[in-house]
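If you want the building blocks of each chain, they are given just below.
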Amino acid sequence: MGFARTCSVALVGVEGVVVEVQADLEPGVAAFTLVGLPDKSLSESRDRVRAAVVNSGGEWPQKKLTVGLSPASVPKAGSGFDLAVACAVLGAAERIDPRVLADIVMIGELGLDGRVRPVRGILPAVLAAADAGYEQVVVPECAAAEASLVPGVSVLGVRSLRQLIAVLADEPVPDEEPDELGRPDPLLAGLRVPGTAAATGMHGVGAQHDQGHDLADVVGQRSARTAVEVAAAGGHHLFLEGPPGAGKTMLAERLPAVLPRLSRDESLEVTAIHSVAGLLPPGKPLIDVPPYCAPHHSATMQALVGGGANIARPGAVSMAHRGVLFLDETPEFSSHALDALRQPLEAGHVVIARSAGVVRFPARFLMVLAANPCPCGRFSQRDTLCECPPSAIRRYQARLSGPLLDRVDLRVEVDPVSRAELAHRGPGGESTATVADRVRAARERAAARLAGTPWRTNSEVPGRELRSRWHPASGAMDEAERNLERGVLTARGLDRVLRVAWTVADLLGHDRPDAMDVALALQLRTGVPRGVPMALGALT
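Small disclaimer: the values here were computed from a predicted structure and weren't measured.

A. Up close: the pairing of strand β8 (residues 136–140). Within β8, four of the five residues are buried, which leaves the element mostly enclosed by the surrounding structure. By the bridge criterion, five bridges tie β8 to strand β9 (residues 154–158) in an arrangement that is parallel. Paired with V137 across the two strands is V155, which belongs to β9.

This is the structure:
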């Protein structure tokens, strides 16, 4: 009887569980049994592994073979167990010393010719292996850079099963024939799932930084530019309402470039999500810029928050983690899809329950809503160009529920651009670099104040903590509290006004919010003029 074991990783959302792959050979009729809750793609590994071993020059054992995946209660899915199954079988057949395999984690799919192909979720799988105490990981050669992002783990990238057998058996490593120059690497085929990026609104992470998008391109819109700066500095959600062509999409597209670059921990979080979804940019294993996700208004609730028939996949809110989620033409989205955003907006994560188990995806994003004031888009208090009946305007505006809008900190009306503003040839507004510097300084002030707490930005701090630990100036909140008594603000709205006031104070360099900071926060929250200049420079 021969026995060997090695390890692999099963992914549940973006969290990994180390799975022990055991192979047992017994005398009897040649058969291959795979147990341990495998899915269809994993069950098919029996044929892939057999062909890969034979085509790699190995001898397939003609005995009764049983491969067990432990713990058996955890569902296993995908083809990433192929490499571990093949090595466990070869260890049981004594082609490889079983003692060498015991403390190695192997992740990779096998082709019929023995080549090792990459799979999705390499980074979270290696993170799970490191957390479990494993120090050696074997991955496909083209995914070695992604796996090497995890500190304290020795990564071996292999291109074929022949190479891995030679390394483990301490034999000369054979050279693999290189692919023809100019042709795409066939090992990367199928790693990116067709249509996944389009479904979630992803158009290449960091692409917005490379297309020349600059805030200086936005004509006018002083109030909206101030709101974008405050949203970036404090991580506050933003609602832009205005006629078509006023610049709402331009402002949203330029918001990610204003945000600070991701820290190392944030980069690993974002990269792990994109790795599971198969959306990592080619040649760039680490995402260090805030992602930008803009799903179409026909997106379903599953496309927004995540889901799927069997194993749940991350949705747009998770793909926008630590970045920007832009919902253009928000009233055209399904009401069920929009209301599903309430929980992740408060909790910072999504919990999806399926028959196969419960999956948790991180979803702490900056949401930007954009909407027209009416179906034709020309309704305003100053113009009479709108031809929509009042009932149509009410129905259109009622598509955005009150509980959803109550979770939005900043609401700004974007005015139409005038002919004089378009024809002006003098210096425009401030550039993205200038605004980004102020945002970075404001984030540093907030980080120093919040040091030693689990929060990073003002938008994350609970209202109870703000009221008890960090007090505004005396009398600064009087007007906001009067708005609460009159019903203009809810209790949640009062907390959000205080959070925005702290962000304004950080941008202006104040030690704590004063009455003017709170007045600007109230004006940004309610849209009602309070006699405060909307340009931050006018308050300094």
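B. Inspection of the sheet that holds strand β11 (residues 292–293) at higher detail. The strand order across the open sheet built from five strands is β11-β12-β15-β10-β16, with neighbouring strands paired in parallel fashion. Edge positions in the sheet fall to β11 and β16 (410–413), since each of these pairs with one other strand and no more. Here β11 runs beside strand β12 (residues 324–327); their pairing, made up of two bridges, is parallel. Note that in β12 the partner of C293 across the bridge is L325.

C. Spotlight on helix α19 (residues 432–449). With 18 residues, α19 should cover 26 Å at 1.5 Å per step; its first-to-last C-alpha distance of 26 Å lies within 8% of that length. Those residues of α19 not exposed but buried are T432, V435, A436, V439, A442, A446 and R449. End-on view of α19: buried residues confined to an arc of 135°, all on one side of the axis. Exposed and oriented more than 90 degrees from the buried face of α19 are E444 and A448.

D. The confidence of the model for the protein chain, seen in detail. Of the residues in the protein chain, 90% have a pLDDT of 70 or more, and the chain-wide mean is 87. Looking at the elements of the protein chain, mean pLDDT is at its lowest for helix α8 (residues 196–200), recorded as 52, and at its highest for strand β5 (residues 104–106), recorded as 97. Taken as a whole, residues 206–210 scores under 50 in pLDDT and shows ten contacts with residues more than four places along the chain or in a different chain.

E. Focus on the pattern of salt bridges. Overall, the coordinates contain 30 salt bridges when judged by the stated rule. A salt bridge links R159 to E141, with the nearest nitrogen and oxygen atoms 3.3 Å apart. Residue R159 is located in the loop between β9 and α7 (161–168), and its partner E141 is located in the loop between β8 and α6 (144–147); the two are separated by 18 residues in the primary sequence. The partly exposed category is assigned to E141, whose relative accessible area is 42%. Among the ionic pairs, R492 bridges to E346, the shortest N-O distance being 3.3 Å.

Criteria and thresholds
- Residues numbered from 1 in each chain as written.
- Predicted model: local features only at pLDDT ≥ 70, side-chain atom pairs only at ≥ 80, totals over all residues.
- Heavy atoms only, no water.
- Buried < 20%, exposed > 50% of the residue type's maximum accessible area, 1.4 Å probe, protein only.
- Helix = DSSP H or I, 4+ residues; strand = E, 2+ residues; numbered from the N terminus.
- Pairing = 2+ DSSP bridges.
- Expected span 1.5 Å × (residues − 1).
- Arc of directions from axis to C-beta.
- pLDDT = per-residue confidence, 0-100.
- Contact = heavy atoms within 4.5 Å.
- Salt bridge = Lys/Arg side-chain N within 4 Å of Asp/Glu carboxyl O.

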